[in-house]
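For reference, the chains in residue letters:
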Number of protein chains: 2
Amino acid sequence: MNDTVDPAYPVTKRNKVVRRYQRGFYDKKTVHEILDAAMVAHIAYVMDGQPFCTPTGFWREGEHLYWHGSSASRMIRFQSPGVPVCVTVTHLDAIVLARSGFHHSVNYRSVMAYGTARLVEGEAEKLRAMDGFVDRFFPGRSALLRPPSAQEIKATSFVVMEIEQASAKIRDTHVGDEEEDYALPIWAARYPVRQVVGEMEECPRQHPDATMPEGMRGYRTGRTLDDVLLEAARQYED
Amino acid sequence: MNDTVDPAYPVTKRNKVVRRYQRGFYDKKTVHEILDAAMVAHIAYVMDGQPFCTPTGFWREGEHLYWHGSSASRMIRFQSPGVPVCVTVTHLDAIVLARSGFHHSVNYRSVMAYGTARLVEGEAEKLRAMDGFVDRFFPGRSALLRPPSAQEIKATSFVVMEIEQASAKIRDTHVGDEEEDYALPIWAARYPVRQVVGEMEECPRQHPDATMPEGMRGYRTGRTLDDVLLEAARQYED
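Criteria and cut-off values
- Here the residue index of a chain counts from 1 through its sequence in written order.
- Each chain takes a letter, starting from A, and each ligand takes a number, starting from 1, following the order in which they are written.
- Totals for whole chains, interfaces and linings use all residues, but because this is a predicted model, local features are given only for residues with pLDDT of at least 70 and pairs of side-chain atoms are given and counted only at 80 or more.
- Runs of E in the DSSP output that reach at least two residues are strands. Runs of H or I that reach at least four are helices, and both are numbered from the N terminus.
- Each residue is classified by how many other C-beta atoms fall within 10 Å of its C-beta atom, where C-beta atoms are placed from the backbone; a count of 20 or more means buried, 12 or fewer means exposed, and values in between mean partly exposed.
- Least-squares superposition aligns the copies on the C-alpha atoms of those residues with pLDDT at or above 70 in both.
- By the convention adopted here, residues make contact when the C-beta atoms placed from their backbones lie within 7 Å.
- Three classes are used, and their members are as follows: Ala, Val, Leu, Ile, Met, Phe, Trp, Tyr, Cys and Pro are nonpolar, Asp, Glu, Lys and Arg are charged, and the others, Gly among them, are polar.
- Here, a strand pair is defined by DSSP locating no fewer than two bridges between the strands.
- Angles run from 0 to 180 degrees between N-to-C directions of axes, and those axes are lines fitted to C-alpha atoms, restricted for helices to the stretch in contact.
- Oblique is the label for every angle not falling under 35 degrees (roughly parallel), over 145 degrees (roughly antiparallel), or within 65 to 115 degrees (roughly perpendicular).
- Working definition: the nonpolar core is a set of buried Ala, Val, Leu, Ile, Met, Phe, Trp, Tyr and Cys residues, joined through C-beta atoms within 7 Å.
- Here, expected helix span is obtained from the residue count minus one, scaled by 1.5 Å.
- For every residue, the pLDDT score states the predictor's confidence, bounded by 0 at the bottom and 100 at the top.

1. Things to note about unusual backbone geometry
Working note: non-glycine residues mostly have negative phi, and peptide bonds are mostly trans.
All names here are of chain A.
Reasoning step 1: Backbone geometry at Asp48 places phi at a positive 50°, although glycine is not the residue there.
Reasoning step 2: Positionally, Asp48 belongs in the loop between strand E2 (40-47) and strand E3 (50-61).
Reasoning step 3: Under the C-beta neighbour-count criterion, Asp48 is labelled exposed, with 7 such atoms within 10 Å.

Rendered as structure tokens:
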């Protein structure tokens, strides 16, 4: 990654965290870690003045975010020539119950990333993206798969966006009440929330010679998906 | 709710599920259940041609979605006069590993809801929304809290959007490979993903007389947040 020059994203009105500015971060390390702990992003774009917010699988390579879709999808066709987008990732980490309604809150980590979405052009680049999409989440998996057919390559499109600007926002504290409210006999608490991997379910039509590949060892039952995905992202980077 | 007349949202180009249309649903029951199982939505809106995608706490009352924010927040100030928005909720339910890259997928439930966001005006309406925001997630809790101060009421704003149109999209199947690929000795599987409630952490400054209210009994360790929130939504409706 070429981010040794500037370890933070430029801040303008577009990405400045105005409210609760203490929760805002612009350094690439923080932004990338929040992105890399996720598999799904929400992408905002505008068609004829109407905003759309589409959830989609995505991944990061250096300063680029990739997502994919059918070549026939409206979002992909619209984004192909290069349109402004905002890509948002959110992790809900806890529910915080305070002594007043006002101080009820949630703990979260979120990133809003801004840039221009463009179609990935050229068959070689597209094939690289197809493998990247698999290998980034499931280390080494693309080499084990049945290769894509000409029809599949044609039917799949990828969009790439360079991160021009981004901001992260994090709340990771406990109940934060008005000082005088702590004296009230009102029950206050925090409930952690975690996205976890459940028990693996083999394909009912599994081939008798098929065995779980090494690269899937990270996907252990009960582990948070955050941890699994971060670990896989580090393997993909190396 | 007045949805006995028309149990489905009107379908136009805006909300039609084009790709994988078999996964698309427009009936209110399906749409509402996906919304009610969530606490956080992503809201797309446009300022000066730039799309933004902001994650925020939200809830549903009949055909209206509510979210809140600081009266000083850029999103709230911008949405106050009435602007087009798209509110999206996504639940990631499973990761599906197929025998080809093309058929890798995820199971999910998502809703994209369209409408015009407007500020909730009037102190009575605002107070009702403040209580609603607490009671919808934590049954009966608003009555137990220190009431909001004049300053807090002033500092908080709510936005409401009537659902003009919506579509749900669901994938809930297992591995779906090309028929001939099942004969290949490539390992294929599905990993469920669940968002679960962790062990409750009392406020470190808990008052000795404070006890967990009845309304919090749904928040049991290990339960999916989906289930907890759906149950709370049904109590709020009644």
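2. Structural notes on the relation of the copies chain B and chain A
Reasoning step 1: Of the transformation superimposing chain B on chain A, the axial component is 0.0 Å and the angular component is 180°, with the fit at an RMSD of 0.0 Å. Interpreted geometrically, this transformation is the action of a two-fold axis. Among all residues of chain B, the one whose C-alpha sits closest to the rotation axis is Gln195 of chain B, at a distance of 2.1 Å.
Reasoning step 2: When you check the interface residues of chain B against chain A, 100% turn up at the interface there too, and the contact is symmetric in its surfaces.

3. Some remarks on the interface of chain B and chain A
Reasoning step 1: Facing 81 residues of chain B, the contacting portion of chain A comprises 81 residues.
Reasoning step 2: The set of elements that each furnish at least two residues to the side of chain B that touches chain A consists of strand E2 (40-47), strand E3 (50-61), strand E5 (83-97), strand E6 (105-119), helix H3 (123-137), strand E9 (189-197) and strand E10 (201-202) of chain B.
Reasoning step 3: If you tally residues by element for the side of chain B that touches chain A, the top one is E9 of chain B, at nine residues.
Reasoning step 4: Partitioned by chemical class, the residues of the side of chain B that touches chain A number 47 nonpolar, 20 polar and 14 charged.
Reasoning step 5: For strand E9 (residues 189-197) of chain A and E9 of chain B, the ladder comprises five bridges, and the chain directions are antiparallel. The residue bridging Val193 of chain A from the neighbouring strand is Val197 of chain B, located in E9 of chain B.

4. Quick word on the packing of H3 of chain B against helix H5 (residues 225-237) of chain B
Residues and elements named next belong to chain B.
Reasoning step 1: At their nearest, the axes of H3 and H5 sit 7 Å apart, and the two run at 125° to each other. As summarised for this structure, H3 and H5 are arranged oblique, according to the angle between their axes. Contact residues: Asp135, Arg136 and Phe137 in H3; Leu229, Ala232, Ala233 and Tyr236 in H5.
Reasoning step 2: Taken together, the residues that form the contact of H3 with H5 break down as five nonpolar, no polar and two charged.

5. A look at the nonpolar core
Reasoning step 1: Core analysis: the biggest nonpolar cluster contains 132 residues, and Ala44 of chain A together with Ala44 of chain B have the highest contact counts within it.
Reasoning step 2: In this structure Ala44 of chain B touches Ala44, Pro51, Phe52 and Cys53 of chain A together with Pro51, Phe52, Cys53, Val85 and Cys86 of chain B, once residues within four positions along its chain are discounted.

6. Quick word on H3 of chain B
Along an α-helix, a turn takes 3.6 residues, which lines up residues three or four apart on a common side.
Residue and element names in this part refer to chain B.
Reasoning step 1: Taking 1.5 Å of rise per residue, the 15 residues of H3 would be expected to cover 21 Å, and the 22 Å separating its terminal C-alpha atoms lies within 8% of that figure.
Reasoning step 2: Within H3, burial applies to Ala129, Met130, Phe133, Val134, Arg136 and Phe137.
Reasoning step 3: Looking at the buried positions of H3, the neighbouring elements they touch are E3, strand E4 (64-70), strand E7 (156-162) and H5.

7. Overview of the pairing of E5 of chain B
Residues and elements named next belong to chain B.
Reasoning step 1: Most of E5 sits inside the fold, with 13 of its 15 residues counted as buried.
Reasoning step 2: Summarising the sheet, E2 and E5 pair through three bridges and their orientation is antiparallel. Looking across to E5, one finds that Ala44 is bridged to Cys86.
Reasoning step 3: Direction of pairing for E5 relative to E6: antiparallel, over a ladder of 13 bridges. Looking at the pairing, Val83 lines up with Ala117 of E6.

8. A look at the confidence of the model for chain A
Reasoning step 1: Scored by pLDDT, chain A comes out at a mean of 94, with 98% of its residues at no less than 70.
Reasoning step 2: Per the prediction output, this complex has pTM 0.95; the corresponding ipTM is 0.94.

9. Thoughts on the pairing of strand E8 (residues 165-171) of chain A
Residues and elements named next belong to chain A.
Reasoning step 1: Note: strand E1 (residues 24-25) against E8, two bridges, orientation antiparallel. Bridge pairing in E8 links Phe25 to Ala168.
Reasoning step 2: Direction of pairing for strand E6 (residues 105-119) relative to E8: antiparallel, over a ladder of seven bridges. Looking at the pairing, Ala113 lines up with Ala166 of E8.

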